[in-house]
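# Structure assessment
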Amino acid sequence: MANSFINPTDLPLVPPMDLNQHLPGIDRISPFPMQLRTQRNVGLFYARREADPVTGRQTLIRPHTGIDLLAPKGTKVFAAAGGKVIDVNPGNILMLHDFGFKFMTFYNHVQNILVKVGDIVSPGHEICEVNDNPNWPTETHLHFELRYPFESSTFTRKNSLPINTTFVLYNWEVKSFENDNNNSNRNVYDNTVITSYEEVVRDRQLRFVKINVRANNRDLYLPLQTGLFEDQHLADTIRAAFMANKTVRIAWRESLYFSKIQTVHDKVGIIVEIKML
Ligand SMILES: [Zn+2]
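Residues numbered from 1 in each chain as written. Predicted model: local features only at pLDDT ≥ 70, side-chain atom pairs only at ≥ 80, totals over all residues. Heavy atoms only, no water.

Quick look at the packing of aromatic side chains now. Overall, the coordinates contain 7 aromatic pairs when judged by the stated rule. A ring pair is formed by F99 and F103, whose centres lie 5.7 Å apart and whose planes are at 20°; its orientation type is stacked. We classify F103 as buried; its relative accessible area is 0%. (Phe/Tyr/Trp six-rings, centres within 6.5 Å; stacked < 30°, edge-to-face > 60°. Buried < 20%, exposed > 50% of the residue type's maximum accessible area, 1.4 Å probe, protein only.)

Shown next as structure tokens:
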């Protein structure tokens, strides 16, 4: 990375939790089923500026600088990348990672911390456990942040800016499915027609294309990462097929990362391929 901009999806990360660690045949560090907390309007990365109605000054409104990953109390938390522990407080850990460029990871609402300041840990190293939180008794979660240090000598959370975490972990999921050679998670609706088409903008700037196909009442989604050519191309094809009422073949898989993106607790079907017939 030659320039100073970080593309979050390029960060070499492993998911900070593994809820399937007892299942055979799955890499130890797997996010599945990793659930985003999206209920009650909180949980995804979010920040925006708005003019204060009284003073007219631009102020930061309700920023949520990380993502909330639902997990029971006691769930193990792992270092998302190799690096150095630079701050430990009751309930949270801050790590610094140097890959030629520097970034930080921050783990909040945690207990039983196993590392101390100065420790060098490898990716996937167990560092703590998820703790409960009196504010969210039924939604115990890890608050996970990625941060970019703007100060080159003093590395603190304050001297850093949050990076959008949502798609970093989604990108990890996409890559892991790309390497899934037996296509065990792949489903196909063949010879069908898209009967409904909708662009969904959830809170926290998360965008989806949502469709339904003939003779199936299951909604399928395509998360849109801003500026990602492949996603945009797929979205354009879906829209064109719907508008022209074309017969299509759609391949999709179940996302276990976006599994709580809807108000119902269904898993989300992610569109991976569409072909006009
Ligand atoms: Zn949070």
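Now, onward.
With that settled, consider the coordination of the zinc ion. The protein atoms that coordinate the zinc ion are H64 (NE2), D68 (OD) and H143 (ND1), at distances of 2.0 to 2.2 Å. As a motif over one chain, the donors of the zinc ion read H-x3-D-x74-H. The pair formed by H64 and D68 is uniform in burial state, with each residue classed as buried. (Donors = N, O, S within 2.8 Å, 3.2 Å for Na, K, Ca; no water.)

Here we come to helix α2 (residues 229–243). Over its 15 residues, α2 extends 21 Å from the first C-alpha to the last, a length consistent with the 21 Å expected when each residue adds 1.5 Å. Looking at the buried side of α2, the elements it contacts are β14 (186–201), β15 (207–213), β16 (216–224), β17 (247–255) and β18 (268–276). One or two steps after α2, the chain reaches N245, where phi turns positive at roughly 55°. (Helix = DSSP H or I, 4+ residues; strand = E, 2+ residues; numbered from the N terminus. Expected span 1.5 Å × (residues − 1). Contact = heavy atoms within 4.5 Å.)

Spatial ordering of the open sheet is given by β5-β11-β9, a layout of 3 strands whose pairing is antiparallel. Taken across any chain shown, the strands that pair with only one partner, and hence form the sheet edges, are β5 (76–78) and β9 (110–111). Pairing analysis gives 3 bridges linking β5 to strand β11 (residues 126–130), with the strands arranged antiparallel. In the sheet register, K76 faces β11, and the bridge partner there is E129. (Pairing = 2+ DSSP bridges.)

Next up on the list: the sheet that holds β17. Pairing within the closed barrel is mixed, and its 5 strands lie in the order β14-β15-β16-β18-β17. Each strand axis lies, on average, 55° off the axis of its neighbour in the sheet, ignoring direction. Strand direction decides the pairing type here: β14 and β15, joined by 7 bridges, are antiparallel. Considered in β15, the bridge of I194 is made with V213. Lying over the sheet, α2 contacts β14, β15, β16, β17 and β18, oriented at roughly 70° with respect to β18. (Axes fitted to C-alpha atoms, helices over the stretch in contact; angles between N-to-C directions.)

Attention now goes to the pattern of salt bridges. Side-chain pairing between opposite charges can occur once the charged atoms of the two side chains come close. Evaluated as defined, the whole model comprises 13 salt bridges. With a shortest N-O distance of 3.9 Å, E126 and K76 are connected by a salt bridge. Taken together, the residues span a long stretch of sequence, with E126 in strand β11 and K76 in strand β5 at a distance of 50 residues. Among the charged side chains, a network of salt bridges with common partners joins E145, R147 and R157. (Salt bridge = Lys/Arg side-chain N within 4 Å of Asp/Glu carboxyl O.)

Let's shift gears to the confidence of the model for the protein chain. On average, residues of the protein chain score 82 in pLDDT, and 81% of them are at 70 or above. Per-residue pLDDT, averaged within each element of the protein chain, yields its smallest value for strand β2 (residues 46–51) (65) and its largest for β9 (98). The complex prediction reports pTM at 0.82, with the ipTM value standing at 0.99. (pLDDT = per-residue confidence, 0-100.)

In this section: unusual backbone geometry. Positive phi, close to 55°, is recorded for N191, a residue that is not glycine. Tracing the backbone shows N191 in strand β14. Judged by relative accessible area, N191 falls into the exposed class, the value being 51%. If you check the backbone angles, N245 has positive phi at about 55° while not being a glycine. Turning to its location among the elements, N245 is positioned in the loop between α2 and β17.

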